[in-house]
Amino acid sequence: MSTSFFGKYIVPEAAKLRNSDSYRTIPPVDDGAAREVVYSGAKLLNLASNNYLGLSHHPDLIEASIKAATRHGCSSGASRLITGNFALAETLEAELATFKYQEAALVTGSGYAANLAVFTSLADRHTVVFSDRLNHASIIDGILLSGARLVRYKHLDMEHLSRLLDREALAEKKIIVTDTVFSMDGDVAPLARLVELGKTHGALVVVDEAHAMGVLGRGRGLVAALGLSDDVDVQVGTMSKALGSLGGYVAARVETIELLRNKGRSFIFSTALPPAVLAAGLAALRHVKANPGLGARLMRISRQIRDHLDSLGFDTMGSTTQIIPVYCGRNRVALHAQALLRAEGLLVAAVRPPTVPLGTARLRLSLRADLTDDDLKHIRLGFSRLRVSFFP
Ligand code: PMP
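Residues numbered from 1 in each chain as written. Predicted model: local features only at pLDDT ≥ 70, side-chain atom pairs only at ≥ 80, totals over all residues.

**Notes on the site of the ligand**
Here comes step 1: Lining the immediate surroundings of the ligand are 14 residues, of which S110, G111, H136, A210 and T238 lie closest.
Here comes step 2: Considering only residue class, the shell around the ligand consists of two nonpolar, ten polar and two charged. (Near = placed C-beta within 6 Å. Nonpolar A, V, L, I, M, F, W, Y, C, P; charged D, E, K, R; others polar.)

Written out as structure tokens, the structure is:
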């Protein structure tokens, strides 16, 4: 062990972090996807997980997981390209592709891995990738790993994107990429215009439906909701949020998926998902297909809560979905507000840079379809009380 490196760099950096207001700790939470969580011994309503439909604890998913583990064990044992394949994975891919109105799909270890697979397969150093400034970190990491040139456009600003595309007219290959629902702002991308720009400039359009899958468009996502399934080239998503399980996917044309299978580094060099996880994802997908109204209920609840927060004078930062930020600005304000809400029995995330831009720390509520009327009352009351501390 190099004690000099440890003593000289690691110890002082850890100490500096520990004394800063951006220090991260794992919250003392048990059963963190449930509607109610135990946090340091106290029961709190969980408005921090991405389990938007509450499916993680659904009996269909649990039963499917148990059956799959009993039949096939707990590991896939290798990457898909070696021996880590299951009929379950292929069924899941076929059903995902159909659900997303695409020719084919590929399942990956996580949504993070899906974005890495997309960019390491489709982009290279001859590619310019135009990326919304607030796109998820996995998109940025994928672009960087691919060696492509990253050009960031202002959040949701299609005029800016258009100017940048004009400026890069000579680039050999162009990709435009956006989250459909933004994870920290809860707003949505102007996809129709973005697709138009993609067509005009010969750019491939890639979208990340992580927070829209299961929720918008009768569960199929924003692309389907807007009738753009034939216009968006590549759709990335995850089963770790509304689908209550784990694992990412990419849905696209057959040849696109072939490239991913052959070149996607996170797909090739990582062990495949185990059967219990695949089975839960498949059960969740079937549940969403059979219950297309779940997302609409979630949107109704979200509108009610957002209206309440707006009427109290909080800044919900343009959210139109189940993800509702409450602007705080400084890190300390966000942490203080989070602690006050915890005392009210509500668990919300306090999101700070670098997850969000400097000076825009915020609370992040992620609402869920399994909230009861009493839960909604509880949330309204908690924020009404918080308001007194915020604007005394
Ligand atoms: N894309 C977006 C937009 C996300 O918000 C996330 C997760 N926060 C991911 C991808 C990664 O998905 P996963 O958690 O399944 O790795």
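**Some remarks on the UniProt feature "domain: Aminotransferase class I/classII large" (unreviewed entry) in the protein chain**
Here comes step 1: Under the local residue numbering, the UniProt record ascribes the feature "domain: Aminotransferase class I/classII large" (unreviewed entry) to residues 43-379.
Here comes step 2: Its end C-alpha atoms 14 Å apart, residues 43-379 is made of 42% helix and 18% strand. (UniProt positions renumbered as here; feature names shortened; annotations may be inferred. Helix = DSSP H or I, 4+ residues; strand = E, 2+ residues; numbered from the N terminus.)

**Concerning helix α14 (residues 373-390)**
Here comes step 1: Taking 1.5 Å of rise per residue, the 18 residues of α14 would be expected to cover 26 Å, and the 26 Å separating its terminal C-alpha atoms lies within 8% of that figure.
Here comes step 2: Considering only its buried residues, α14 is in contact with α12 (294-311), α13 (331-343) and β12 (346-347). (Expected span 1.5 Å × (residues − 1). Contact = placed C-beta atoms within 7 Å.)

**Remarks on unusual backbone geometry**
Here comes step 1: Note the cis peptide between P353 and P354, where omega equals 5 degrees.
Here comes step 2: Tracing the chain through its elements places P354 in the loop between β13 (349-351) and β14 (361-366).
Here comes step 3: Phi is positive for R218, close to 55 degrees, though the residue is something other than glycine.

**Remarks on the pairing of strand β11 (residues 323-329)**
Here comes step 1: For β11, the tally of buried residues reaches five of seven residues, placing the bulk of the element in the interior.
Here comes step 2: Bridge analysis of β11 against β14 gives six bridges, and the strand direction is antiparallel. Pairing of I323 across the sheet is with S366, part of β14. (Buried ≥ 20, exposed ≤ 12 C-beta atoms within 10 Å, placed from the backbone. Pairing = 2+ DSSP bridges.)

**What about the UniProt feature "modified residue: N6-(pyridoxal phosphate)lysine" (unreviewed entry) in the protein chain?**
Here comes step 1: If you check UniProt for "modified residue: N6-(pyridoxal phosphate)lysine" (unreviewed entry), the listed places come out as K241 in our numbering.
Here comes step 2: With respect to the helices, strands and loops of the structure, K241 is situated in the loop between β9 (234-238) and β10 (248-252).
Here comes step 3: Note on K241: 27 C-beta atoms within 10 Å, which makes it buried.

**Things to note about the environment of L246**
Here comes step 1: Among the structural elements, L246 can be located in the loop between β9 and β10.
Here comes step 2: Along the backbone, L246 and G281 are 35 residues apart, and their C-alpha atoms lie at a distance of 7.0 Å.

**Structural notes on the domain arrangement of the protein chain**
Here comes step 1: One can read the domain layout of the protein chain as domain 1 (23-52 + 293-390) and domain 2 (57-290).
Here comes step 2: Computed over C-alpha atoms, the centres of domain 1 and domain 2 are 26 Å apart.
Here comes step 3: Listed per partner, the contact involves 20 residues of domain 1 and 19 residues of domain 2.
Here comes step 4: Of all the secondary structure elements, the ones that give two or more residues to the side of domain 1 that touches domain 2 are α12 and β11.
Here comes step 5: A class-by-class count of the residues in the side of domain 1 that touches domain 2 yields ten nonpolar, nine polar and one charged. (Domains from an automatic or database assignment.)

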